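# Chains, contacts and geometry: an overview
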Amino acid sequence: AQRQKFSYTSGSAPHSIYVECRSSAEPPPDHIVWSNVGMRHKTQQIGKWVALALTVGLCLFWTVLVAFIASFGEVEKLTEMLPFLESWLEAVPQLSMILAQVKPLLLVIIVGFLSPLLTSFSNREGHISVTSLSASVFYKLSVFLIVQLFFVQMISGAVISELQAIIEDG
(Lines give C-alpha, C1' and ligand atoms only; values in the text may rest on other atoms or scores of the structure.)
Protein backbone atom coordinates (compact mmCIF):
# COMPACT_ATOMS: atom_id res chain seq x y z
CA ALA A 1 0.00 0.00 0.00
CA GLN A 2 1.18 3.46 -0.77
CA ARG A 3 0.65 6.52 1.42
CA GLN A 4 -0.62 9.46 -0.53
CA LYS A 5 -1.38 12.95 0.70
CA PHE A 6 -4.78 14.42 -0.07
CA SER A 7 -5.64 18.04 0.59
CA TYR A 8 -9.08 19.52 0.93
CA THR A 9 -10.58 22.77 2.09
CA SER A 10 -13.27 22.89 4.76
CA GLY A 11 -14.65 26.35 5.36
CA SER A 12 -11.72 28.76 5.40
CA ALA A 13 -8.85 26.46 6.53
CA PRO A 14 -7.17 23.92 4.22
CA HIS A 15 -6.65 20.42 5.68
CA SER A 16 -4.27 17.68 4.69
CA ILE A 17 -4.73 14.00 5.53
CA TYR A 18 -2.76 10.90 4.73
CA VAL A 19 -4.72 7.96 3.38
CA GLU A 20 -3.48 4.48 2.59
CA CYS A 21 -4.71 3.03 -0.66
CA ARG A 22 -3.67 0.07 -2.72
CA SER A 23 -2.70 0.68 -6.29
CA SER A 24 -1.37 -1.65 -8.92
CA ALA A 25 -1.10 -1.81 -12.67
CA GLU A 26 -4.32 -2.85 -14.34
CA PRO A 27 -4.43 -6.33 -15.86
CA PRO A 28 -4.95 -6.80 -19.59
CA PRO A 29 -8.60 -7.31 -20.60
CA ASP A 30 -8.24 -11.07 -21.09
CA HIS A 31 -7.01 -11.40 -17.47
CA ILE A 32 -10.05 -9.74 -15.93
CA VAL A 33 -12.80 -11.72 -14.22
CA TRP A 34 -15.59 -9.66 -15.75
CA SER A 35 -18.32 -11.22 -13.61
CA ASN A 36 -16.65 -9.69 -10.53
CA VAL A 37 -16.24 -6.18 -11.95
CA GLY A 38 -18.55 -3.79 -10.15
CA MET A 39 -19.21 -6.12 -7.25
CA ARG A 40 -20.14 -4.18 -4.14
CA HIS A 41 -17.65 -4.18 -1.27
CA LYS A 42 -20.20 -5.70 1.11
CA THR A 43 -20.82 -8.54 -1.36
CA GLN A 44 -17.05 -9.13 -1.54
CA GLN A 45 -16.77 -9.25 2.26
CA ILE A 46 -19.68 -11.69 2.52
CA GLY A 47 -18.09 -13.72 -0.29
CA LYS A 48 -14.82 -13.94 1.65
CA TRP A 49 -16.64 -15.33 4.70
CA VAL A 50 -18.64 -17.75 2.56
CA ALA A 51 -15.45 -18.93 0.82
CA LEU A 52 -13.78 -19.43 4.20
CA ALA A 53 -16.75 -21.42 5.52
CA LEU A 54 -16.90 -23.54 2.37
CA THR A 55 -13.14 -24.21 2.53
CA VAL A 56 -13.34 -25.28 6.19
CA GLY A 57 -16.36 -27.46 5.40
CA LEU A 58 -14.51 -29.03 2.49
CA CYS A 59 -11.51 -29.69 4.72
CA LEU A 60 -13.70 -31.54 7.23
CA PHE A 61 -15.56 -33.48 4.53
CA TRP A 62 -12.28 -34.25 2.78
CA THR A 63 -10.90 -35.88 5.91
CA VAL A 64 -13.82 -38.30 6.09
CA LEU A 65 -13.67 -39.00 2.35
CA VAL A 66 -9.93 -39.72 2.37
CA ALA A 67 -10.29 -41.97 5.43
CA PHE A 68 -13.00 -43.93 3.62
CA ILE A 69 -10.88 -44.26 0.48
CA ALA A 70 -7.84 -45.25 2.57
CA SER A 71 -9.81 -48.24 3.86
CA PHE A 72 -9.76 -49.73 0.33
CA GLY A 73 -6.01 -50.23 0.57
CA GLU A 74 -6.31 -52.49 3.61
CA VAL A 75 -8.22 -55.43 2.21
CA GLU A 76 -8.07 -57.41 5.47
CA LYS A 77 -9.75 -54.63 7.43
CA LEU A 78 -12.25 -54.12 4.64
CA THR A 79 -13.27 -57.79 4.79
CA GLU A 80 -13.72 -57.49 8.56
CA MET A 81 -16.12 -54.56 8.03
CA LEU A 82 -17.83 -56.13 5.00
CA PRO A 83 -17.90 -59.93 5.55
CA PHE A 84 -19.45 -60.66 2.13
CA LEU A 85 -16.18 -59.58 0.49
CA GLU A 86 -14.41 -62.62 1.91
CA SER A 87 -16.39 -65.01 -0.30
CA TRP A 88 -15.75 -62.75 -3.31
CA LEU A 89 -12.01 -62.70 -2.58
CA GLU A 90 -11.94 -66.50 -2.34
CA ALA A 91 -13.76 -66.81 -5.65
CA VAL A 92 -11.64 -64.15 -7.42
CA PRO A 93 -8.21 -63.78 -5.75
CA GLN A 94 -7.25 -60.95 -8.14
CA LEU A 95 -9.95 -58.81 -6.53
CA SER A 96 -7.62 -57.96 -3.63
CA MET A 97 -5.07 -56.57 -6.10
CA ILE A 98 -7.81 -54.58 -7.83
CA LEU A 99 -9.03 -53.17 -4.51
CA ALA A 100 -5.46 -52.19 -3.62
CA GLN A 101 -5.19 -50.26 -6.94
CA VAL A 102 -8.53 -48.51 -6.48
CA LYS A 103 -7.24 -46.51 -3.50
CA PRO A 104 -4.54 -44.47 -5.31
CA LEU A 105 -6.76 -44.07 -8.37
CA LEU A 106 -9.64 -42.63 -6.30
CA LEU A 107 -7.24 -40.34 -4.42
CA VAL A 108 -5.92 -38.94 -7.71
CA ILE A 109 -9.47 -38.41 -8.97
CA ILE A 110 -10.64 -36.51 -5.89
CA VAL A 111 -7.47 -34.39 -5.79
CA GLY A 112 -8.30 -33.45 -9.39
CA PHE A 113 -11.58 -31.96 -8.12
CA LEU A 114 -9.83 -29.92 -5.42
CA SER A 115 -8.51 -27.06 -7.56
CA PRO A 116 -11.80 -26.37 -9.42
CA LEU A 117 -13.69 -26.44 -6.10
CA LEU A 118 -11.30 -23.98 -4.46
CA THR A 119 -11.42 -21.79 -7.59
CA SER A 120 -15.20 -21.58 -7.36
CA PHE A 121 -14.91 -20.73 -3.65
CA SER A 122 -12.32 -18.02 -4.38
CA ASN A 123 -14.40 -16.58 -7.20
CA ARG A 124 -17.04 -15.64 -4.61
CA GLU A 125 -14.50 -13.25 -3.05
CA GLY A 126 -14.80 -10.83 -5.95
CA HIS A 127 -11.26 -10.88 -7.35
CA ILE A 128 -11.01 -8.63 -10.40
CA SER A 129 -7.92 -10.17 -12.01
CA VAL A 130 -7.17 -13.78 -12.83
CA THR A 131 -3.81 -13.30 -11.09
CA SER A 132 -5.36 -12.36 -7.74
CA LEU A 133 -7.90 -15.18 -8.15
CA SER A 134 -5.07 -17.64 -8.77
CA ALA A 135 -3.17 -16.31 -5.76
CA SER A 136 -6.25 -16.84 -3.58
CA VAL A 137 -6.66 -20.40 -4.88
CA PHE A 138 -2.96 -21.09 -4.27
CA TYR A 139 -3.23 -19.80 -0.70
CA LYS A 140 -6.31 -21.93 0.00
CA LEU A 141 -4.73 -24.98 -1.58
CA SER A 142 -1.53 -24.53 0.43
CA VAL A 143 -3.35 -24.15 3.75
CA PHE A 144 -5.68 -27.01 2.85
CA LEU A 145 -2.81 -29.39 2.08
CA ILE A 146 -0.84 -28.36 5.17
CA VAL A 147 -3.87 -29.05 7.35
CA GLN A 148 -4.60 -32.35 5.61
CA LEU A 149 -1.05 -33.66 5.38
CA PHE A 150 0.27 -32.66 8.76
CA PHE A 151 -2.48 -32.11 11.28
CA VAL A 152 -5.12 -34.57 10.07
CA GLN A 153 -2.61 -37.36 9.46
CA MET A 154 -1.01 -36.87 12.88
CA ILE A 155 -4.32 -36.60 14.71
CA SER A 156 -5.96 -39.50 12.87
CA GLY A 157 -2.96 -41.75 13.52
CA ALA A 158 -3.05 -40.95 17.23
CA VAL A 159 -6.84 -41.36 17.46
CA ILE A 160 -6.82 -44.70 15.64
CA SER A 161 -4.05 -46.10 17.84
CA GLU A 162 -5.92 -44.95 21.00
CA LEU A 163 -9.17 -46.47 19.74
CA GLN A 164 -7.43 -49.76 19.06
CA ALA A 165 -5.97 -49.71 22.58
CA ILE A 166 -9.40 -48.99 24.07
CA ILE A 167 -11.02 -51.80 22.06
CA GLU A 168 -8.30 -54.29 23.03
CA ASP A 169 -8.58 -53.31 26.73
CA GLY A 170 -12.38 -53.13 26.52
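Everything below is about the structure printed above this text.
The structure reproduced in this document is the subject of the present report. (Residues numbered from 1 in each chain as written. Predicted model: local features only at pLDDT ≥ 70, side-chain atom pairs only at ≥ 80, totals over all residues. Heavy atoms only, no water.)

We now examine the overall build of the chain. When its secondary structure is counted, the chain shows five helices and two strands. Each helix and strand of the chain, ordered N terminal to C terminal, gives the series β-β-α-α-α-α-α. When each of the 170 residues of the chain is scored for burial, the buried share is 21%. Carbon and sulfur atoms make up 68% of the accessible area of the chain, which totals about 12500 Å². (Helix = DSSP H or I, 4+ residues; strand = E, 2+ residues; numbered from the N terminus. Buried < 20%, exposed > 50% of the residue type's maximum accessible area, 1.4 Å probe, protein only. Areas by Shrake-Rupley, 256 points an atom, 1.4 Å probe, with all protein chains shown as cover.)

This part covers the packing of helix α1 (residues 41-70) against helix α4 (residues 94-123). When two helices pack together, their arrangement is captured by the angle between the axes and the distance separating the axes. Where α1 meets α4, the closest approach of the two axes is 11 Å, and the angle between their N-to-C directions is 175°. By the criterion of interaxial angle, the relationship of α1 to α4 is roughly antiparallel. Contact with α1, carried on its side by Ala51, Leu54, Thr55, Leu58, Trp62, Leu65, Val66, Ile69 and Ala70, involves Lys103, Leu106, Leu107, Ile110, Val111, Leu114, Leu117, Leu118 and Phe121 of α4 and no other residues of that element. (Axes fitted to C-alpha atoms, helices over the stretch in contact; angles between N-to-C directions. Parallel < 35°, antiparallel > 145°, perpendicular 65-115°, else oblique. Contact = heavy atoms within 4.5 Å.)

Within this structure, the stated rule accounts for two aromatic pairs. Each ring, one from tryptophan 62 and one from phenylalanine 144, has its centre 5.4 Å from the other, and the planes form 80°; the classification is edge-to-face. With tryptophan 62 in helix α1 and phenylalanine 144 in helix α5 (residues 130-169), this pair connects stretches of sequence that are 82 residues apart. (Phe/Tyr/Trp six-rings, centres within 6.5 Å; stacked < 30°, edge-to-face > 60°.)

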